[in-house]
Amino acid sequence: MKKILGGLIITAVAVLIFSCKDDNSLEKLRKNELALLDEFISENYAGKEPKPSGLYYFEEFQGYGDSLIQPGDRVQIFYATWTVDSVLIDESDYPTGYTKGYRFEPLEFTVGAGQVITGLDEAATYMRPGTIANLVIPSELAYGQNGSTGNLYIPGFTTLLMQIEVYKIFRPE
């Protein structure tokens, strides 16, 4: 009985130790992300403040129309996505490329329906047709601490940069 109890205690202590190390490494990853984000913002957008959610939204070209995109609207956009250290990870019209000027197949999604990352959903609500904007999306508004392992691998705690161009909006009837 004493051997079983001793084994359980040793196992419990080992689990606590290893779980603390995991939390510590997650904390280090988050701190590293925040340091890279701060450096990027100070070099490229000094003095600019994020939206209350943490999203940085910088409009390059104000679109046309008298109303902003609303939750429930279906939108078509062209986009390119980079990591904060400037690695291109995705773009519309791959492989010809949005970054090379091609505009063939837009991404279509319904705003507010959870079909895209939270940062992109939010950014769409600041835009009109024709708007071109640059986004800086911290991981908590993108793929979080776990990252993405689907068609596109993105490590956890990765801040994303996006350039978005709104092509069309379809209002619900």
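Structural data are supplied above this passage.
Residues numbered from 1 in each chain as written. Predicted model: local features only at pLDDT ≥ 70, side-chain atom pairs only at ≥ 80, totals over all residues. Heavy atoms only, no water.

Another point: the pattern of salt bridges. Scanning the model with the defined rule gives 6 salt bridges in all. Lys31 is paired through a salt bridge with Glu27; the nearest N and O atoms lie 3.3 Å apart. Of this pair, Lys31 and Glu27 both sit in helix 1 (residues 2-44), 4 residues apart, which is roughly one turn of the helix. On the accessibility criterion, Glu27 (43% relative accessible area) is partly exposed. Here Glu165 ties to Arg103 by a salt bridge, and the two come within 3.0 Å at their closest N and O atoms. Of the two residues, Glu165 sits in strand 6 (residues 160-170) while Arg103 sits in the loop between strand 3 (88-91) and strand 4 (107-110), which places them 62 residues apart along the sequence. The class for Glu165 is buried, based on a relative accessible area of 18%. For Arg103, a relative accessible area of 33% gives the class partly exposed. Residues participating in the shared-partner salt-bridge network are Arg30, Glu33 and Glu140. (Salt bridge = Lys/Arg side-chain N within 4 Å of Asp/Glu carboxyl O. Helix = DSSP H or I, 4+ residues; strand = E, 2+ residues; numbered from the N terminus. Buried < 20%, exposed > 50% of the residue type's maximum accessible area, 1.4 Å probe, protein only.)

This part covers the nonpolar core. Within the largest apolar cluster, 25 residues are counted, with the highest numbers of intra-cluster contacts made by Leu120, Leu135 and Ile137. Among the secondary structure elements, those contributing two or more residues to this core are strand 2 (74-83), helix 2 (118-124), strand 5 (132-137) and strand 6. Sorting elements by how many residues they give to this core places strand 6 first, with 5 residues. Leaving out residues up to four positions away in the same chain, Leu120 has contacts with Ile77, Phe109, Leu135, Ile137, Met162 and Ile164. Within the second largest apolar cluster, 9 residues are counted, among which are Ile41, Phe58, Val84 and Val136. (Core = buried A, V, L, I, M, F, W, Y, C linked by side-chain atoms within 4.5 Å. Contact = heavy atoms within 4.5 Å.)

The next subject is the packing of aromatic side chains. What the rule picks out here adds up to 6 aromatic pairs. Both rings, one in Phe40 and one in Tyr45, keep their centres 6.2 Å apart while their planes meet at 55 degrees; by these two values the pair is tilted. A single burial state applies to Phe40 and to Tyr45, both of which are buried. Among the aromatic side chains, those forming a connected cluster through ring pairs are Phe40, Tyr45, Tyr56 and Phe58. Above the plane of the ring of Phe170 lies Arg74, whose end atom (NZ or CZ) is 4.6 Å from the centre. We note Arg103 situated over the ring of Phe78; from NZ or CZ to the ring centre the distance is 5.9 Å. (Phe/Tyr/Trp six-rings, centres within 6.5 Å; stacked < 30°, edge-to-face > 60°. Lys NZ or Arg CZ within 6 Å of the ring centre and 35° of its normal.)

What follows concerns the pairing of strand 6. Of all the 11 residues making up strand 6, 8 are buried; the element is thus mostly covered by neighbouring parts of the structure. Judged from the 10 bridges that link them, strand 2 and strand 6 form a sheet pairing that is antiparallel. From the neighbouring strand, Gln76 faces strand 6, where its bridge partner is Lys168. Here strand 5 runs beside strand 6; their pairing, made up of 6 bridges, is antiparallel. The partner of Ile137 across the bridge, within strand 6, is Leu160. (Pairing = 2+ DSSP bridges.)

Notably, Ser86 is not glycine yet its phi reads approximately 70 degrees, a positive angle. Inspection of the secondary structure puts Ser86 in the loop between strand 2 and strand 3. Residue Ser86 is classed as exposed on the basis of its relative accessible area of 55%. Positive phi is not limited to glycine here, since Phe157 has a value of about 55 degrees.

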